[in-house]
Amino acid sequence: MQEKNISFNNFEQCIKCTVCTAYCPVVAVNPVYPGPKQGGPDGERFRLKNKWFFDENLKYCMNCKRCEVVCPSGVKIADLIHSARRKYSRETPELRDYLLARTDLMGRLARPVAPVVNALMSTKPVKASMDLMLDIDRRRSFPKYQSSGFKKWFRKNALSKQSEYSEKVAYFHGCSTEFQHPEVGRAFVEVMNAAGFGVELMDERCCGVPMIANGLWVRAKNNARHNVRIFEDAVGKSLPVVGTSSTCVFTMRDEYPDILEVDNSSVRDSITLVEKFMFELVDSGRVKLVFKDNYRARIAYHVPCHVEKLGWSIFTKALIGMIPGVTMTTLDSGCCGMAGTYGFKKENYKYSQEIGKPLFEGIKALAPDFVCCECETCKWQIEMSTGYSVLNPIVILWEALDLEATAKANQKLF
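Predicted model, so just to flag it, every value in this text is computed and none were measured.

**Q** Honestly, the pairing of strand β1 (residues 167-172) in this entry has me stumped. Any pointers?
**A** The two faces of the sheet receive side chains in turn, since in a regular strand these alternate between them. In terms of strand pairing, β1 meets strand β2 (residues 197-201) through five bridges, oriented parallel. In the strand pairing of β2, A170 is matched with E200. Relative to strand β3 (residues 241-243), β1 is paired through three bridges, and the arrangement is parallel. Paired with Y171 across the two strands is V242, which belongs to β3.

**Q** Looking at this structure, how should I read the sheet that holds strand β8 (residues 390-391)?
**A** The strands making up a sheet associate through hydrogen bonds between their backbones, and the pairing can be parallel or antiparallel. Taken together, the four strands give an open sheet; going across it, the order is β6-β5-β7-β8, and neighbouring strands pair in parallel fashion. Across the chains shown, the open sheet's two edge strands, defined by having one partner strand only, are β6 (326-330) and β8. In the sheet, strand β7 (residues 370-372) pairs with β8 via two bridges, with the strands oriented parallel. Considered in β8, the bridge of V371 is made with V390. Lying over the sheet, helix α17 (residues 313-321) contacts β5 (297-301), β6 and β7, oriented at roughly 160 degrees with respect to β6.

**Q** For this particular structure, what's the right way to read the side chain of N214?
**A** Mapped onto the elements of the fold, N214 is located in the loop between α12 (209-213) and α13 (217-236). At 3.0 Å, the side chain of N214 forms a polar contact with the side chain of T341. Excluding residues that lie within four positions of it along the chain, N214 makes contacts with P93, D97, L100, A101, T341 and K345.

**Q** Help me out: how do you make sense of the nonpolar core in this one?
**A** Note on soluble globular proteins: their nonpolar side chains tend to be buried together. Judged by nonpolar contacts, the single largest core of 82 residues is most densely connected at F188, M278 and L397. The element contributing the most residues to this core is α13, with seven residues. Judged by nonpolar contacts, the second largest core, of 28 residues, contains C20, L58, A78 and C305.

**Q** Got a minute to help me understand helix α2 (residues 36-47) in this structure?
**A** Given 3.6 residues per turn, any residue in an α-helix points the same way as the ones three and four places further on. Within α2, nine of the 12 residues are buried, leaving the element largely enclosed by the surrounding structure. Inspection of α2 places P36, K37, G39, G40, P41, D42, G43, E44 and R47 among the buried residues, and these make up the whole buried set. Buried residues in α2 make contact with α1 (19-23), α3 (66-70) and α4 (77-88).

**Q** Please clarify how the pairing of β5 should be interpreted in this entry.
**A** Summarising burial for β5: four of the five residues are buried, a large majority. Pairing of β5 with β6, which is carried by five bridges, proceeds in the parallel orientation. Within the sheet, the bridge partner assigned to I299 lies in β6 and is M328. Bridge count for β5 against β7 is three bridges, and the pairing is parallel. Across the sheet, residue A300 finds its bridge partner in β7, namely V371.

**Q** When you look at the sheet that holds strand β4 (residues 271-273) in this model, what are you seeing that I'm missing?
**A** Sheet architecture is open: four strands sit in the order β2-β1-β3-β4, paired in parallel fashion. For this open sheet the edge positions go to β2 and β4, each flanked by a neighbour on one side alone. Direction aside, neighbouring strands of the sheet carry axes that sit 40 degrees apart on average. Across the sheet, α13 is in contact with β1, β3 and β4; its angle to β1 comes to roughly 175 degrees. Running over the sheet, helix α15 (residues 274-283) touches β1, β2, β3 and β4 and is turned about 85 degrees from β4.

**Q** Quick question: what am I supposed to make of the side chain of K276 here?
**A** Following the sequence through the fold, K276 ends up in helix α15. Look at K276 and you get buried, because its relative accessible area is 18%. In this structure K276 touches W312 and F315, once residues within four positions along its chain are discounted.

**Q** Explain the packing of aromatic side chains here, please?
**A** Within a pair of aromatic rings, the relevant descriptors are the distance that separates the centres and the angle that separates the planes. The tally for this structure, following the rule as stated, stands at 12 aromatic pairs. Geometrically, the ring pair formed by F46 and F53 is tilted, given 5.2 Å between the ring centres and 55 degrees between the ring planes. One aromatic cluster in this structure is built from F150, W153, F154, Y171 and F188. Lying across the ring of F344, R140 places its NZ or CZ 5.9 Å from the centre.

What counts and what doesn't
- Residues numbered from 1 in each chain as written.
- Predicted model: local features only at pLDDT ≥ 70, side-chain atom pairs only at ≥ 80, totals over all residues.
- Heavy atoms only, no water.
- Pairing = 2+ DSSP bridges.
- Helix = DSSP H or I, 4+ residues; strand = E, 2+ residues; numbered from the N terminus.
- Contact = heavy atoms within 4.5 Å.
- Axes fitted to C-alpha atoms, helices over the stretch in contact; angles between N-to-C directions.
- Polar contact = N/O pair within 3.5 Å; in protein donor to acceptor, adjacent residues only side chain to side chain.
- Core = buried A, V, L, I, M, F, W, Y, C linked by side-chain atoms within 4.5 Å.
- Buried < 20%, exposed > 50% of the residue type's maximum accessible area, 1.4 Å probe, protein only.
- Phe/Tyr/Trp six-rings, centres within 6.5 Å; stacked < 30°, edge-to-face > 60°.
- Lys NZ or Arg CZ within 6 Å of the ring centre and 35° of its normal.

Shape is all these values report; function is a separate question.
Have a look at this one:
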């Protein structure tokens, strides 16, 4: 059946001010990319008449959403671009794209031999081979896989305790927490428990964002449908769905309906980021946080693009600002250039680093103890490009809290 020529997006609200183009980080460095105005609302007018007007150079869009943040008319410009990619692109994913998109599969394969994989991926011959055969840039550093994942830690150390709590949250931990950064999941569980909330894990699948980026549309849509179903089960038990990855949360809230055309209206308002969830608990007086007397840190805060789009950086700033002995400086708003798997690709590496350069220079000039950021791929980019460690806000909170005193304080409240 032929697809109807209709658009989900009221692109006619575009007033042609070109502010989206002025703020686009890709336009500034890549002359081949047509830009958000031309590729979004302008291009949609032509594509609705004939699909052959689709421009394959729209693949250079990082989906950072900065065009949508600044649009005075509320046009979902990036969604127009990536919906067009899904509908009209004639390019098929290469082996590289499958490998980068299947973060869950690659994590499971790497885990049994994680030390070997990590060692090999850092060697020049392996990097050169991937550059030559897969077009994965040899200059890119890779996150380290862990031999033991978050879910194993949870089953061994935390699962039996969760029944003690009358109130619970459903935790979407995501691929990076499971395979590369299990400390984020541990921090989440222990902070939630200290706050008086139990944690339930779900039969989750990858949020789908790397599949969207690499053109695996069917698998991304299947994952989205699956996740919406398990979220409905959680919401049916009055459990909020809380995540620690800003990109996962944003994708599940906004990309599912707007790019993948998966209806999540029954659960969207229940999907939230831990910083927002925790701040609202503290602000309402439902939870009390007790911090260590000796915690000190000078922190630089990088606001990820998707947190910028959600408008939720205020919660991270307020929450980390509650910690005595912390000085946190918010860096100038700017994309790090990584954009998930975008920065791994050989054809994008140069642009990725040029986009992130002002951010890297800002961090180095500030010389903080470490950087705070809610996005794991921003973490990989900043750590590789500056040498500074990047911590998820929930890990900072975990390290700064007196968990035992916090738990006792919240036992009294509950």
